[in-house]
Amino acid sequence: RHPGWPAKLGPLVVPAGTVRLRPVHLRDGREWSRIRVRDREYLERWEPTAAGSWSDRNGFGAWPPQWFSLRALARRGQCLPFAITVDGVFAGQITLGNVIRASLRSAWVGYWVSSELAGGGVATAAVALVTDHAFKAAGLHRLEATVRPENTPSLRVLGKAGYRQEGLFLRYLDVAGDWRDHIAFAVTAEEMGNGFAERLIAAGRARLP
Ligand code: ACO
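Residues numbered from 1 in each chain as written. Predicted model: local features only at pLDDT ≥ 70, side-chain atom pairs only at ≥ 80, totals over all residues. Heavy atoms only, no water.

*Asks:* Just checking my understanding: could you explain the side chain of H182 for this structure?
*Replies:* You can see H182 is positioned in strand β8 (residues 178–188). Overall, the relative accessible area of 4% leaves H182 in the buried class. A distance of 2.9 Å separates a polar side-chain atom of H182 from the backbone oxygen of R180. Once you skip the residues sitting within four places of it in the chain, H182 turns out to touch T146, V147, R148, P149, G167, L168, F169, Y172, L173 and V175. (Helix = DSSP H or I, 4+ residues; strand = E, 2+ residues; numbered from the N terminus. Buried < 20%, exposed > 50% of the residue type's maximum accessible area, 1.4 Å probe, protein only. Polar contact = N/O pair within 3.5 Å; in protein donor to acceptor, adjacent residues only side chain to side chain. Contact = heavy atoms within 4.5 Å.)

What follows is the structure in structure tokens.
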């Protein structure tokens, strides 16, 4: 067991529904695959380059090995792989990855949400919940999120969630077939105040059930 894992976070109510985070399950495979095969256009240009076709990498059979490797990383304390649910139904993922402890106590955050719920506040709620959790139960000090300058919805999510822009990483990640520049956003525990979820609620972007 590592600090902050496993955990269930939320609920927060946003226009799309009631958002909760919980560990990814093996049984998420059917919904995971159905959404990701359908949402290829929506997801592929923002995701890491990988070998094999989209349908092979996102078919039903692709989930068990992915889930297994996420679980193994989580058991080693290197990753907190959450499923996002909306009204109890699997709707995407949010992951804290590359968890490093000692004097860095840092991780990156990454997420995706089903296109059916686009603009409904789900990703912003998920980022707020996971950020509060990272600084409290998981004992981390800094979270970083890197986003392509073209990814307007994701830039907006980080802005709404209270992340600060820190810099521009040139040719940073191999995404959609090439080395892409990324804008680096971050927050540290000192910026938590009453909490990131609380701040979303105060801004009228979310509420408790
Ligand atoms: N142009 C401008 N703004 C847009 C556009 C657009 N084309 N599309 C959406 N938006 C805005 C929405 O209006 C909303 O802002 P608002 O509340 O001010 O109206 C904001 O972008 C989206 O906020 P949410 O509703 O909280 O986010 P959502 O649940 O729709 O999820 C996400 C956003 C995760 C980026 C989703 O679009 C997605 O899964 N995209 C594909 C994968 C991806 O890009 N993941 C992020 C990679 S970067 C990272 O992980 C750090």
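*Asks:* I keep staring at the site of the ligand and nothing clicks. Help me out?
*Replies:* Of all residues adjacent to the ligand, which total 25 residues, the nearest are G121, T124, N151, R156 and K160. A distance of 3.2 Å separates an oxygen atom of the ligand from a polar atom in the backbone of G120. Within the backbone of G121, an N or O atom sits 2.7 Å from an oxygen atom of the ligand. Burial of the ligand by the protein chains amounts to 75% of its free accessible area of 1,000 Å². (Near = heavy atom within 4 Å. Areas by Shrake-Rupley, 256 points an atom, 1.4 Å probe, with all protein chains shown as cover.)

*Asks:* Can you help me understand helix α4 (residues 63–75) in this one?
*Replies:* What sets the pattern is the α-helix's 3.6 residues per turn: residues three or four places apart point alike. Taking 1.5 Å of rise per residue, 13 residues should cover 18 Å, and α4 covers 18 Å from first to last C-alpha, within 8% of that figure. Within α4 the residues assigned to the buried category are W63, W67, L70 and A74. Angularly, the buried residues of α4 cover 65° about the axis, an arc narrow enough to put them on a single face. Structural note: α4 exposes P65 and R75 on the side pointing more than 90 degrees away from its buried face. Looking at the packing, one finds that the buried side of α4 touches α1 (29–38), β3 (80–86) and β4 (89–100). (Expected span 1.5 Å × (residues − 1). Arc of directions from axis to C-beta.)

*Asks:* I'm lost on the packing of aromatic side chains in this one. Help?
*Replies:* By the definition in use, this model includes five aromatic pairs. Ring centres 4.9 Å apart and planes at 55° place the aromatic pair F169 and Y172 in the tilted group. Of note, R36 hangs over the ring of W112, and the distance from its end group to the ring centre comes to 5.0 Å. It is R199 that lies over the ring of F196; its NZ or CZ is 4.7 Å from the centre. (Phe/Tyr/Trp six-rings, centres within 6.5 Å; stacked < 30°, edge-to-face > 60°. Lys NZ or Arg CZ within 6 Å of the ring centre and 35° of its normal.)

*Asks:* Could you clarify how one ought to interpret unusual backbone geometry in this entry?
*Replies:* For residues that are not glycine, phi is negative in most cases, and the peptide bond is trans in most cases. Residue P6 is reached from W5 by a cis peptide bond, and omega for that bond is -5°. You can see P6 is positioned in the segment before β1 (9–14). Unusually for a residue other than glycine, A102 sits at a positive phi of about 50°.

*Asks:* When you look at helix α5 (residues 122–135) in this model, what are you seeing that I'm missing?
*Replies:* For α5, built from 14 residues, the straight-helix expectation of 20 Å at 1.5 Å per residue is met to within 8% by its first-to-last C-alpha distance of 20 Å. Burial runs high along α5: 14 of the 14 residues are buried.

*Asks:* Would you mind showing me how to read the nonpolar core here?
*Replies:* In summary, soluble globular proteins display a tendency toward joint burial of nonpolar side chains. Judged by nonpolar contacts, the single largest core of 46 residues is most densely connected at L21, F82, I94, L143 and Y163. At ten residues, α5 tops the list of elements feeding residues into this core. Contact partners of L21, with chain neighbours within four places excluded, come to A7, K8, L9, F82, A83, I84, I94, A126, L129 and V130. (Core = buried A, V, L, I, M, F, W, Y, C linked by side-chain atoms within 4.5 Å.)

*Asks:* How do you make sense of the pairing of strand β5 (residues 106–113) when you look at a structure like this?
*Replies:* Along a regular strand, successive side chains alternate from one face of the sheet to the other. Bridge count between β4 and β5: seven bridges; the pairing is antiparallel. Following the sheet pairing, G97 is matched in β5 by W108. Here β4 hands over to β5 after five residues, with A102 in that stretch at a positive phi of 50°. Bridge count for β5 against strand β6 (residues 142–147) is three bridges, and the pairing is parallel. Paired with A107 across the two strands is L143, which belongs to β6. Read from β5 through α5 to β6, the crossover connection turns out right-handed. (Pairing = 2+ DSSP bridges. Right-handed = clockwise from strand over helix to strand, strands pointing away.)

*Asks:* Whenever I open this one, the packing of α5 against helix α6 (residues 152–161) confuses me. Can you help?
*Replies:* Helix-helix packing is described using two parameters, namely the angle between the two axes and the distance between the axes. It is at 9 Å that the axes of α5 and α6 come closest, and there the two elements cross at 45°. On the basis of their axis angle, the class for α5 and α6 is oblique. With respect to the hand of their crossing, α5 and α6 are arranged in right-handed fashion. Across the interface between the two elements, A123, T124 and V127 from α5 touch V157, K160 and A161 from α6. Among the residues making up the contact of α5 with α6, the classes are represented as four nonpolar, one polar and one charged. (Axes fitted to C-alpha atoms, helices over the stretch in contact; angles between N-to-C directions. Parallel < 35°, antiparallel > 145°, perpendicular 65-115°, else oblique. Left-handed = near helix turned anticlockwise from the far one by under 90°. Nonpolar A, V, L, I, M, F, W, Y, C, P; charged D, E, K, R; others polar.)

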